[in-house]
Amino acid sequence: MEDDKKVEDEAKKSDVPSLDAGNVDGTEARGEETPHPLDGTVSTAKKNATQKSIPPPGNGKKIYEIDPLLVGFRDHLDYRYGQYKRLREEIDKYEGGLEVFSRGYEKFGFTRSAEGITYREWAPGAKSASLIGDFNNWNTNADVMTQNEFGVWEIFLPNNADGSPPIPHGSRVKIRMDTPSGIKDSIPAWIKFSVQAPGEIPYNGIYYDPPEEEKYVFQHSQPKRPKSLRIYEAHVGMSSTEPKINTYAEFRDDVLPRIKRLGYNAVQLMAIQEHSYYASFGYHVTNFFAPSSRCGTPDDLKSLIDRAHELGILVLMDIVHSHASNNVLDGLNMFDGTDSHYFHSGSRGYHWMWDSRLFNYGSWEVLRYLLSNARWWLEEYKFDGFRFDGVTSMMYTHHGLEVAFTGNYSEYFGLATDVDAVTYLMLVNDLIRGLYPEAVSIGEDVSGMPTFCVSVQDGGVGFDYRLHMAIADKWIELLQKMDEEWQMGDIVHTLTNRRWREKCVAYAESHDQALVGDKTIAFWLMDKDMYDFMALDRPATPRVDRGIALHKMIRLITMGLGGEGYLNFMGNEFGHPEWIDFPRGAQHLPNGKIVPGNNNSFDKCRRRFDLGDANYLRYHGLQEFDQAMQHLEETYCFMTSEHQYISRKDEGDRVIVFERGNLVFVFNFHWSKSYSDYRIGCLKPGKYKIVLDSDEKLFGGFNRINHTAEYFTTDGWFDDRPHSFLLYAPCRTAVVYALVAGPAKD
């Protein structure tokens, strides 16, 4: 299979377009001497190119030092790295380098110069093309485009006689093409903004180029990457307490200060790329370069990001390059009338579970499009990095569906691996790291592919972090069992089962667990009691007491042992009582069945922050505990400490004890037994104090521990530790102890 692919890749070389920065309109090939209106823009781009550069590839061999087991799969890994190097060399040869190649938005779509507007679109399947819109009264014959030998259609529109642009800001625009599947009007693939007109279903492309005085100008510099990431995963549209679609401006003013107060140092924004189906949670992207118009304008989004930077908060984007919407009218599907334009043709280009299209990462123009897309969000909007969605689906031809990854290396490096997709991920991480050294790159991978978080130069895929997705699945599994069935060793193994020197972002639950049809941890624990027994002026039920105690313990042990970063989906910090159900109507299936809707209600598509803020409700204690967790990490940096040791996982006592940094964490998961004078081991001698106690009254606990007590170590081995001290461990509590002074000197 790989030999066939080599032949195929060699054949592609002859078809590589030479749309480099010095020849964007093919004037050199045509022998024309008249400068193109875009030349000024390209000159600026060339100037910028000297300021940013991407280091050349390394030798890709260090992975074998990091993990000697990889030597057995050297043929595959060397081939993978060879494909990456070949692409880097060809991009250098044909495009002037990866830095230039990734600025496709300066060549394609609409580009403005002093003389007018140029529009270019890659659509090799089209037989003819015209630019239509409000500006020319949708006249197909007014602005007919011409095609070059690489399938790129182009038209230049000179300024009006009075010097005004030929397309007014805010105008609707589309490209009309005669294609193999008929005449179709499409939103330009590189469109920067699109909106849905009232009463219409398909979106309209919008020419977005406001006057200089109306453009948002960033005021604040981007924060430096923190040592440990504490990510608040958020969806702008559903971030209001009211049943409505929230705006970028409202999120900026109301939610960002909350995130700062809670102690998170990064916000991960979902559903930013335009998607015509709101209930897709932003994962069925229709317009990759356009921010969702439901929440405001591009300048509104910039204002939000700038405010976050002012608060010292990184803004990460949940970027979708793993698949695209199946929509034909307002998406990329069948854009030029063929199913093999941006995507694989046939079944390989269709994700049967997601009902979406799959990119052909072996296509030159797809690489240009996606690499430029990643750079666009970093460059234009000042995002501080990405969480790449659905990476497992990208890396394997089976997309990870109905596959149980056991950890056998042959599962990662074999015929089921999509080398083109992995190579793309290497290229995009190379781009991010080279041009934006402070940017963060996180990959959503459930397979656990080795080398995933090793640098590209060393032969890895290049991500900074992997999402530790198995943890959330483990908690859901345990919450369906009785407490007596929980195994301490099983919990510890799941939390610590990650690859050496490959960083992970841990989470107990994300947006996935909050969707309708699933249950959040809080709902698994407390169920319908959350509706009637969360007020402090009435007694709690045993179910609520258990739920509040375990909710805190689950989050803290996940943060303490699960990785080098932590993620929380908005609202889960206080145990949001309900799932997410996007507004939807009844669905009529082809077989005649009807799936009931919810009358297009927004009632379950919002976040009840008011519950977490109400100090007369038990939700408030859960929120206060989450804030204390974040500030504990801010103070002690335990997540990134290289010192981690689990000294006890006692199945009888139901106790887990571990050290991380200078902190000792003690978890008593027993449902009824509290332990007095309980001895735990520790590495460092001296005096310890309590720095976090889940049983504190502020956190909805029972105040069973004296916080003025001091804990002095005694010498002698205990639990394979050289020192130990005695403490009180109430049932269902988590307590963190910090070393405050070394041993007294004589």
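As a starting point, this report considers the structure included with it. (Residues numbered from 1 in each chain as written. Predicted model: local features only at pLDDT ≥ 70, side-chain atom pairs only at ≥ 80, totals over all residues. Heavy atoms only, no water.)

1. Some points on the pairing of strand β31 (residues 721-729)
For a regular strand, side chains alternate in direction, first toward one face of the sheet and then toward the other. As a reminder, the rule being used: Relative accessible area decides the class of each residue, using a 1.4 Å probe on protein chains only: under 20% of the type maximum gives buried, over 50% gives exposed, and in between gives partly exposed. Under the scheme used here, helices are H or I runs from DSSP no shorter than 4 residues and strands are E runs no shorter than 2 residues, and both carry numbers assigned from the N terminus. Being paired, for any two strands, means DSSP has found at least two bridges between them.
For β31, the buried fraction is high: 7 of the 9 residues fall into the buried class. Two strands pair when backbone bridges link them, and strand β27 (residues 675-682) and β31 are joined in this way by 6 bridges, in the antiparallel orientation. Residue pairing across strands places Cys682 opposite His723, the latter belonging to β31. Note that strand β30 (residues 714-718) and β31 share 3 bridges and pair antiparallel. Residue Phe718 lies in a different strand from β31, and its bridge partner there is Arg721.

2. Some points on unusual backbone geometry
Non-glycine residue Cys637 carries a positive phi angle of around 50°. Locating Cys637 in the fold gives a position in the loop between α19 (618-636) and β24 (644-650). Under the relative-accessibility criterion, Cys637 is labelled partly exposed at 31%.

3. Some thoughts on the sheet that holds strand β14 (residues 314-319)
Put simply, the rule reads: Fitted lines through C-alpha atoms serve as axes, helices being fitted only where they are in contact, and the angles separating the N-to-C directions of these axes extend from 0 to 180 degrees.
Read around the barrel, 8 strands follow the order β10-β11-β14-β17-β18-β19-β20-β21 and close on themselves; strand pairing throughout is parallel. Neighbouring strand axes in the sheet, compared pairwise and without regard to direction, differ in orientation by 30° on average. Bridging between strand β10 (residues 229-235) and strand β11 (residues 266-270) involves 5 bridges; their strand directions are parallel. Paired with Glu233 across the bridge in β11 is Gln268.

4. A closer look at the environment of Lys503
The cut-off we apply is this: Whether two residues are in contact is decided by their heavy atoms: any pair within 4.5 Å suffices.
Tracing the backbone shows Lys503 in the loop between α13 (488-496) and β20 (504-506). By relative accessible area, which is 32% here, Lys503 ends up partly exposed. When the C-alpha positions of Lys503 and Asp464 are compared, they lie 6.7 Å apart, and in sequence the two are 39 residues distant. Apart from residues lying up to four places away in sequence, Lys503 is in contact with Cys453, Asp464, Tyr465, Arg466 and Glu564.

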